[in-house]
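Structural characterization, general
If you want the building blocks of each chain, they are given just below.
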Amino acid sequence: MASSLQALQDQYFYLTQNLSDLKDKCETKDQVDALLAQYAASRSNYFSCINKTLQDDDPDVTTLVQQMNTEQKSLKTAVSQLGDIATVINVITEAVKVGTKLASIL
Amino acid sequence: MKDRSAAVPVAVIRRRICFSTLVVALMFTTACKTSEDATAAASQMATTAKDLTGYYSQMDTVLDNTIQLNELQSVLLGTSFDQQARAQMKETQQEIQKREDLAKCLQNLSDEFSKLTGARTSSDVQQAAGKLGSAISSLGSLPGAGALPTGLGEAGKEIVTLVQEHKEREAGKALDAIVTALSKMYQQETSTYDSLYSQDLVLAESLAKELVKRGWVSEGELFSPITQPFGLAPPASTPEINKILKAYTEQQIEDRMADQVAAEKKASDCMAKALDEMSARIHKLATDKVMDERTAPVTLSDVEKWIETATTATSTTAASGKD
């Protein structure tokens, strides 16, 4: 599988599988809104990637894919600890931001 | 710079089909010396293309399901599913439908080829060629097909002329090019198809677990291995049963999802192998070699099995949705 799709898929699937629990941990409406906005962005990045011809031999893409993988690890760590939901949402926001950048250059 | 030279877009394959519907000629060329090989190849190609159509048709249904799941997720979890998100999924669906149409087009052509090669008298040939011309011309309703319908219509008329004039020899290479390109495109996109199928199940799985979490699922059926042999009715769901069976139910959901993902992956791999196999067989014919295989590629049976199972599952879902 093209590594770019794999990276965006990993993020989108992971957030889908954990969305309900993450939402339960939110303490304010702003946090819920932020979480759902990042989820929608991750889904959009995934489908955007699906809809484009996947050619990820571009060096920029390769760099971003590596960054995505690092972000994905941080995301999993943050979600598994689920201590401070505000921190978790920040990690998600950073990870989705990289995904958006990746989807936009494909 | 992105290297797109290896990519084989649908439009390119369509153009190749357009230019090479002359391909009928292959069958007539070989009809003189190896008509059995040609008839067999045409028939096998028709079966392969039919299964490819079935595969894409299932993917099309999956995307309908994905849209419904996103609507349900929006209701259950408050996610946003606006027109833009819907349009993005519709775009994916249209891409799948283009491939489905392409496969159907190839199936129709192959069907007519096999009839042409089986024609024994000049009137049979005329009739079969005429039918092929009509079949090709009727493809005008293909969505987003661009130049394809017009080009194919012209090619259809050309085929009739070619059949009448027996100028068919050179066309074999064209069919070879089409099938090779189609096989290459499928292989390049297989992981994308697998991903599309998985995303639907991942979303369904997450929502199924949400229902379990809320105690909205009746788990009584899970007791059927205990109750069924004795004609006993399964118990109605209670908070106690819900609590006791929660982990078991979630495991059942995960196991079934894993089985379905694996079955689709196997089907897509088998489809890729079948296309590759057909490409090799057509190449033999196109290069005047003996093509002695007389059955469709064996890996198609797994594709057919998956299509049948997936169709039954989606029919059941559709039926239960109407109730």
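Each chain carries its own residue numbering, running from 1 in the written order of its sequence. Labels are handed out in written order, letters beginning with A for the chains and numbers beginning with 1 for the ligands. Where local features are concerned, this predicted model is filtered to residues with pLDDT of at least 70; where side-chain atom pairs are given and counted, the filter is 80 or more; whole-chain, interface and lining totals use all residues. Side-chain numbers come from the whole structure's heavy atoms, not from hydrogens or water.

1. Examining the overall build of chain B
- Secondary structure elements follow DSSP: runs of H or I of four or more residues count as helices, runs of E of two or more count as strands, with numbering from the N terminus. Helix and strand counts for chain B come out as 9 helices and 0 strands.
- Ordered by position from the N terminus, the helices and strands of chain B form the series α-α-α-α-α-α-α-α-α.
- Three labels apply to residues, based on accessible area from a 1.4 Å probe with only protein chains included: buried if under 20% of the type maximum, exposed if over 50%, partly exposed otherwise in between. A total of 323 residues make up chain B; the buried ones form 48% of that total.
- By definition in these notes, contact holds between two residues if any of their heavy atoms fall within 4.5 Å. Of the contacts formed within chain B by residues at least 6 apart in sequence, a portion of 80% connects residues at least 24 apart.

2. Re the interface of chain B and chain A
- Taken residue by residue, the interface counts 30 residues in chain B and 30 residues in chain A.
- Regarding the contact of chain B and chain A, the summed buried area is about 2,500 Å², with carbon and sulfur atoms giving 53% of it.
- Definition used for salt bridges: Asp or Glu carboxyl oxygen within 4 Å of a side-chain nitrogen of Lys or Arg. The tally of links from chain B across to chain A stands at 2 salt bridges.
- A salt bridge links Lys 213 of chain B to Asp 21 of chain A; its shortest N-O distance comes to 3.3 Å.
- The term polar contact refers here to a pair of N or O atoms within 3.5 Å; inside protein, the definition further demands a hydrogen-donor-capable atom paired with an acceptor-capable atom, and it admits residues adjacent in sequence only when both atoms are side-chain atoms. Put simply, chain B and chain A have 13 residue pairs in polar contact (both at pLDDT 80 or more) between them.
- Contributing elements (two or more residues each) for the side of chain B that touches chain A: α2 (24-77), α3 (83-118) and α6 (172-213) of chain B.
- No other element matches the 12 residues that α6 of chain B contributes to the side of chain B that touches chain A. Note on definitions: buried area is the accessible-area loss of two parts on being combined, 1.4 Å probe, summed for both.

3. Observations regarding the environment of Tyr 14 of chain A
Residues and elements named next belong to chain A.
- Positionally, Tyr 14 belongs in helix α1 (residues 3-25).
- With a relative accessible area of 15%, Tyr 14 lands in the buried category.
- Residues Tyr 14 and Leu 75, spaced 61 residues apart in sequence, show a C-alpha to C-alpha distance of 9.1 Å.

4. Description of the nonpolar core
- Within the largest apolar cluster, 82 residues are counted, with the highest numbers of intra-cluster contacts made by Leu 22 and Ile 92 of chain A together with Leu 52, Tyr 56, Tyr 186, Tyr 193 and Trp 306 of chain B.
- Beyond its immediate stretch of four places on either side in the chain, Tyr 186 of chain B contacts Leu 52, Tyr 55, Tyr 56, Tyr 193, Ser 268, Met 271, Ala 272 and Leu 275 of chain B. Nonpolar cores were defined as sets of buried Ala, Val, Leu, Ile, Met, Phe, Trp, Tyr and Cys residues, with membership established by side-chain atoms within 4.5 Å.

5. Details of helix α8 (residues 239-286) of chain B
- An ideal rise of 1.5 Å per residue puts 70 Å on 48 residues; α8 of chain B measures up with 68 Å between its terminal C-alpha atoms.
- At Leu 245 of chain B, α8 of chain B shows its maximal kink, close to 55°. How far a helix is expected to stretch is found by multiplying one less than its residue total by 1.5 Å. Two axes enter the definition of the bend at a residue: one is fitted to the seven residues ending there, the other to the seven starting there, and the bend is the angle between them.

6. A closer look at the side chain of Gln 88 of chain B
- Considering the arrangement of structural elements, one finds Gln 88 of chain B in helix α3.
- Residue Gln 88 of chain B is classed as buried on the basis of its relative accessible area of 15%.
- Ignoring any residue separated from it by four or fewer positions in sequence, one finds Gln 88 of chain B in contact with Ser 44, Phe 47, Ser 48 and Asn 51 of chain A.

7. Looking at the environment of Thr 309 of chain B
- Assignment of secondary structure puts Thr 309 of chain B in helix α9 (residues 300-322).
- Among the residues examined, Thr 309 of chain B registers a relative accessible area of 51% and is labelled exposed.

8. Quick notes on helix α4 (residues 85-105) of chain A
Residue and element names in this part refer to chain A.
- The first and last C-alpha atoms of α4 sit 31 Å apart over 21 residues, in line with the 30 Å expected at 1.5 Å per residue.
- Those residues of α4 lying buried are Ile 85, Val 88, Ile 89, Val 91, Ile 92, Ala 95, Val 96, Val 98, Gly 99, Leu 102 and Ala 103.
- Near the N-terminus of α4, the side chain that reaches the backbone nitrogen of Ala 86, with its oxygen 3.1 Å away, is that of Asp 84.

9. Topic: the packing of helix α2 (residues 29-51) of chain A against α4 of chain A
Residue and element names in this part refer to chain A.
- Relative to each other, α2 and α4 sit at 25°, their axes nearing to 9 Å. Overall, the two elements α2 and α4 adopt an arrangement that is roughly parallel. Remark: the crossing between α2 and α4 carries left-handed chirality. Residues Gln 31, Ala 34, Leu 35, Gln 38, Ala 41, Ser 42, Asn 45 and Ser 48 of α2 form the contact with α4, whose own contacting residues are Ile 85, Ala 86, Ile 89, Ile 92, Thr 93, Val 96, Gly 99, Thr 100 and Ala 103.
- Polar here means any residue outside two lists: the nonpolar Ala, Val, Leu, Ile, Met, Phe, Trp, Tyr, Cys and Pro, and the charged Asp, Glu, Lys and Arg; Gly therefore counts as polar. Looking at the contact of α2 with α4 residue by residue, the classes come out as 9 nonpolar, 8 polar and no charged. Axis lines are fitted through C-alpha atoms, for helices just across the contact stretch, and the angle between N-to-C directions can take any value from 0 to 180 degrees. When describing relative orientation, an angle under 35 degrees is termed roughly parallel and one over 145 degrees roughly antiparallel, while 65 to 115 degrees is termed roughly perpendicular and anything else oblique. Left-handed is the label given to a crossing in which the near helix is rotated counterclockwise from the far helix by less than a right angle, and right-handed is the label when the rotation is clockwise.

10. Some points on the confidence of the model for chain A
- Each residue carries a pLDDT score, the predictor's own confidence in it, on a scale running from 0 to 100. Summing up the model confidence of chain A, the mean pLDDT is 85 and the portion of residues at 70 or higher is 90%.
- In the model of chain A, helix α3 (residues 59-81) of chain A stands out as the element of lowest mean pLDDT, 75, in contrast to α2 of chain A, which has the highest, 96.

11. Here we look at the confidence of the model for chain B
Residues and elements named next belong to chain B.
- Of the residues in chain B, 66% reach a pLDDT of 70 or more, and the chain-wide mean stands at 77.
- The element-level mean pLDDT for chain B is lowest in helix α5 (residues 148-165), coming to 45, with α8 highest at 93.
- Within the model, pLDDT remains below 50 along residues 138-157, and this stretch shows 27 contacts once partners closer than five positions in the same chain are excluded.
- In the model output, the complex is listed with pTM 0.79 alongside ipTM 0.81.

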